[in-house]
Amino acid sequence: MTDFAQPTFVPSVETDQLAVDTLRFLAADMVEAAQSGHPGMPMGAAPMAWTLWSRHLRHDPADPEWADRDRFVLSAGHGSALLYGLLHLFGYDLPVEELRRFRQLGSRTPGHPEFGETPGVECTTGPLGQGLAMAVGMALAERMTAARYPEVTAHRTYAIVGDGCLMEGVSHEVASFAGHLGLGRLIVLWDDNEITIDGAVGRSCGDDQVGRFAAYGWHTEVVPDGTDIEAIDAALTRAKGDPRPSFLAVRTVIGHGAPGVAGTPKAHGSPLGAQRLTQAKELAGWTLPPFAVPAPVQAMCAALAAVGGAEHTSWLEEFATFDALAPERAAQFRRAGARLLPAGLLSALEGVAAQAPRATRQASQACLRAALSTMPELVGGSADLAGSTGTECGEVVHREDFTAGAIAFGIREFGMAAVLNGMSLHGGFRVFGSTFLVFADYLRPALRLSALMRQPVIYVLTHDSIAVGEDGPTHQPVEHVESLRVIPGLQVLRPADDAETALAWELALTRVDGPTALILSRQAIPQLDRPHTGDTAVDLSPVYGAGETTVSAGRESAVDAALQSPLAGESSRPTVRRVEIVSTGSEVALAVGVAERLEADGYVVRVISALDRSRFAADPSAHTISIEAGSTAGWAGLVDLAIGIDEFGHSGPGDEVMARHGFTVRAVLDRIREYLDGAP
């Protein structure tokens, strides 16, 4: 598929200036009305944004989710008023009433752009650098889509970044990655205003940014005057013709036109004030009331939106032709875009269970391969640990061939996760990324955005406890599972064997409204007995029927535990002492061993595997004890006794390290007996 032609008309010089001033003063009016926000970036970057949107961006305001639209990311998200002004002018469903409610509770114009809250906002930005990273992910997804469906793919990705975005470490990770892959349909404009919140950029950063991006393999240009629309337009045109990703440094003045504060940090994050805003408008010859849009600008933006609508219609016609010629591929395109799972996926996952003990990372690899056999849109990779995390999945994409599904992210955990967010937001793919659990700290800010944006990114996090062993405490996660569980909207699953690993993958793949973290073991763990009452081997059903009160070293999933309530009439400890042991992952087998000993002592014992602890509810009629080789902080209030580890581990063989910290049947049994002896 070839690029659509650019509009056969462009705004006049007079309309250009009117449009730029409109964007500047809409932004300043929004900030003034809210008495909060950032007017400086929008006032300085308005010319480059207008040039891009009026001459290059291919989009249809009537359908913000058109699959082949160009993507635009405002990485410098504090300048959200600029984006809202653009969306309003071009006819997205963002009326002037929403501009007047800028930064107010419940408005569609929040302080920073939020995906899902405002039509036309492609991703949540504000944490600097992550917008650039997500744009890289969108550009990679475009290349992979074009390799699979060239008949219906011809879009580009654009981003505006600020000085802060380029200082953040993630920008280095993803710029290097994009240059290595040669993502030529990615164009980044740098709002080079030389100002940060605290003062001049030169106080803390002297990087040659243009030279840096050139070294990464990008096409680079400098536009010395950020108000020169023709120069910006020409630079964008040349960038679109270059096979490399492009970095355009556009020299601007923060707070352009605001007397007394333009070019200074004072313009960054505070309202201009009524008097200064009036002066700025007078200097520009602006006589319209707040939030007004001149008629010529309205007409021009409507005409440009109509061009986008016509291009969308043309694309739909091309898709209809594609559908007629290749109906199976077209159906796959639609299914993947709708995040619908293929037939046969769940049955494929059922067949992964083994008999012999093995690590859940190995079971996960079997699940991944089974899923890939039915889901070509499932793509991802690792931060240079595919062999260790069980995420090797075939040929790796490279700059000459994007048809494969495996991605070599390199040792860039943060960049990997942020790129995955961009790919998920782009649409058409289900994505996963992997590293050791202990390195989840490196990617946490992007994982948090996965949850905030409700993106179904799958994080495969292996080597999940001090049982990692010889690599020592730097590589042995202690607090990490608990720290992940406190992220709102993140599904954290720690399976106990093959069957639960398959269930975890099923839960991750069927979820489309948020991310999942799969917490997997390095060491081999046994396969656990469970009842089979459903149609699949991973249907974990209660191990006793209604009304029964005894369970012999049994186990059930947290999905089932969440549905149970105390037996009728039981409001206090029973005469027959009941014990409930809840555990996760590799420690479930340990819990079963402990339960067998406690039963010999005369206790009635139930073992629960809390695959997803958020679904666990303790039985108040029993003594509830948790066993997990990690921080005990999150178990407080859930159980009567939490057995875990609240210190760093040691270097040594994994079983010896576990024993050193009390994770043996004998040591755990002693602690439980001591507790029970003193319990009422």
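Remember, it's a predicted structure, so these values are computed and weren't measured experimentally.

(A) The arrangement of the overall build of the protein in detail. Along its length, the protein carries 23 helices and 18 strands. Relative to the 2.2 N^0.38 estimate, which gives 26 Å for 680 residues, the radius of gyration of the protein is 28 Å and therefore close to what a compact globule would have. For the protein, the spread of C-alpha atoms along the principal axes amounts to about 90 × 60 × 50 Å. Taken over 680 residues, the protein has a buried fraction of 59%. Sequence separation of at least 24 residues holds for 77% of the intrachain contacts in the protein that already meet a minimum separation of 6. Surface exposure of the protein reaches about 25,100 Å², of which carbon and sulfur atoms provide 53%. Of note, the protein has its 52 positive side-chain charges centred 1 Å away from the centre of its 82 negative side-chain charges.

(B) Representation of helix H23 (residues 665-678) in the model. In this model, H23 (14 residues) spans 20 Å end to end at C-alpha, consistent with the 20 Å of a helix rising 1.5 Å per residue. Within the sequence span of H23, burial applies to Val668, Leu669, Ile672 and Leu676. Take H23 and look down its axis: the buried residues cluster within an arc of 100°, on one side only. Exposed side chains of H23 directed beyond 90 degrees from the buried face belong to Glu674, Asp677 and Gly678. On its buried side, H23 packs onto strand S15 (578-583), helix H21 (587-600), strand S17 (623-627) and strand S18 (641-643).

(C) A look at the nonpolar core. Within the largest apolar cluster, 65 residues are counted, with the highest numbers of intra-cluster contacts made by Leu140, Met144, Met423 and Leu484. By residue number, the principal contributor to this core is helix H5 (residues 130-148), which donates 10 residues. Ignoring anything within four residues of it in the chain, the contact list for Leu484 reads Leu437, Arg444, Leu447, Leu461, Leu490, Val492, Ala517 and Ile519. Core analysis: the second largest hydrophobic core is formed by 51 residues, Ala27, Ala81, Ile229 and Ala235 among them.

(D) Quick look at the side chain of Arg24. Tracing the backbone shows Arg24 in helix H1 (residues 13-34). Classification of Arg24 as buried rests on a relative accessible area of 5%. For Arg24, the contacting residues outside a window of four places in its chain are Gln17, Pro42, Met43, Ala46, Pro47, Thr227 and His256.

(E) Quick look at the pattern of salt bridges. Evaluation of the coordinates by the stated rule reveals 30 salt bridges. Among the ionic pairs, Asp670 bridges to Arg666, the shortest N-O distance being 3.6 Å. Of the two residues, Asp670 and Arg666 are both situated in helix H23; the distance of 4 residues between them amounts to about one turn of the helix. Through salt bridges with shared partners, one network takes in Asp93, Glu98, Arg101 and Arg108.

(F) Quick look at the packing of aromatic side chains. Inspection of the entire model under this criterion finds 19 aromatic pairs. Where Phe319 meets Phe333, the ring centres are 5.4 Å apart and the plane angle is 50°; that geometry is what we call tilted. You can see Phe319 sitting in helix H11 (residues 295-325) and its partner Phe333 sitting in helix H12 (residues 327-337), a full 14 residues away along the chain. Judged by relative accessible area, which is 16%, Phe333 ranks as buried. An aromatic cluster is present here, built from Trp66, Tyr149, Trp315, Phe319, Phe322 and Phe333 joined pairwise through their rings. In this arrangement the basic side chain of Arg613 is found over the ring face of Trp635, its NZ or CZ atom lying 4.8 Å from the centre.

(G) Fine view of the environment of Phe102. Within the fold, Phe102 resides in the loop between helix H4 (96-100) and H5. Of the residues examined, Phe102 reaches a relative accessible area of 2% and is grouped as buried. Through-space distance from the C-alpha of Phe102 to that of Ala348 is 49 Å; in sequence the pair is 246 residues apart. Excluding its chain neighbours within four sequence positions, the residues that come into contact with Phe102 are Met30, Val31, Ala34, Ser36, Gly37, Ser80, Ala81, Tyr84, Thr109 and Pro110.

(H) Expanded view of the pairing of strand S6 (residues 219-223). Side chains His219, Glu221 and Val223 of S6 all project onto a buried face; the interleaved residues Thr220 and Val222 project onto a face where none is buried. Sheet analysis places S6 next to strand S7 (residues 246-251), joined by 5 bridges and oriented parallel. For Thr220, the partnering residue across the bridge sits in S7 and is Phe247. Where the polypeptide runs from S6 across helix H9 (residues 229-240) and back to S7, its parallel neighbour, the crossover connection is right-handed.

(I) Spotlight on the sheet that holds S6. Strand order in the open sheet formed by 5 strands is S1-S2-S3-S7-S6, and the pairing between neighbours is parallel. Edge positions in the sheet fall to strand S1 (71-74) and S6, since each of these pairs with one other strand and no more. Going across the sheet, the axis of each strand differs from the next one's by a mean of 15°, ignoring polarity. Examined bridge by bridge, strand S3 (residues 186-192) and S7 share 6 bridges and lie parallel to one another. Paired with Asp191 across the bridge in S7 is Val250.

(J) Molecular detail of the sheet that holds strand S9 (residues 406-408). Taking strand neighbours across the sheet as the criterion, the 6 strands line up as S9-S8-S10-S11-S13-S12 in an open arrangement whose pairing is parallel. Strands at the two margins of the open sheet, each flanked by one partner only, are S9 and strand S12 (491-493). With strand direction ignored, the average angle separating the axes of adjacent strands in the sheet is 20°. Pairing geometry for strand S10 (residues 430-436) and strand S11 (residues 458-462), over 5 bridges, is parallel. Directly across from Gly433, in S11, lies its bridge partner Tyr459. On the sheet, helix H14 (residues 360-372) packs against strand S8 (378-382), S10 and S11 and is oriented at approximately 145° with respect to S8. Packing of helix H17 (residues 440-452) onto the sheet brings it into contact with S10 and S11, and relative to S11 it is tilted by some 160°.

Here is what the cut-offs are and how they apply
Residues numbered from 1 in each chain as written. Predicted model: local features only at pLDDT ≥ 70, side-chain atom pairs only at ≥ 80, totals over all residues. Heavy atoms only, no water. Helix = DSSP H or I, 4+ residues; strand = E, 2+ residues; numbered from the N terminus. Rg over C-alpha atoms; globule rule 2.2 N^0.38 Å. Buried < 20%, exposed > 50% of the residue type's maximum accessible area, 1.4 Å probe, protein only. Contact = heavy atoms within 4.5 Å. Areas by Shrake-Rupley, 256 points an atom, 1.4 Å probe, with all protein chains shown as cover. Lys, Arg positive; Asp, Glu negative; His and termini not counted. Charge placed at Lys NZ, Arg CZ, Asp CG, Glu CD. Expected span 1.5 Å × (residues − 1). Arc of directions from axis to C-beta. Core = buried A, V, L, I, M, F, W, Y, C linked by side-chain atoms within 4.5 Å. Salt bridge = Lys/Arg side-chain N within 4 Å of Asp/Glu carboxyl O. Phe/Tyr/Trp six-rings, centres within 6.5 Å; stacked < 30°, edge-to-face > 60°. Lys NZ or Arg CZ within 6 Å of the ring centre and 35° of its normal. Pairing = 2+ DSSP bridges. Right-handed = clockwise from strand over helix to strand, strands pointing away. Axes fitted to C-alpha atoms, helices over the stretch in contact; angles between N-to-C directions.

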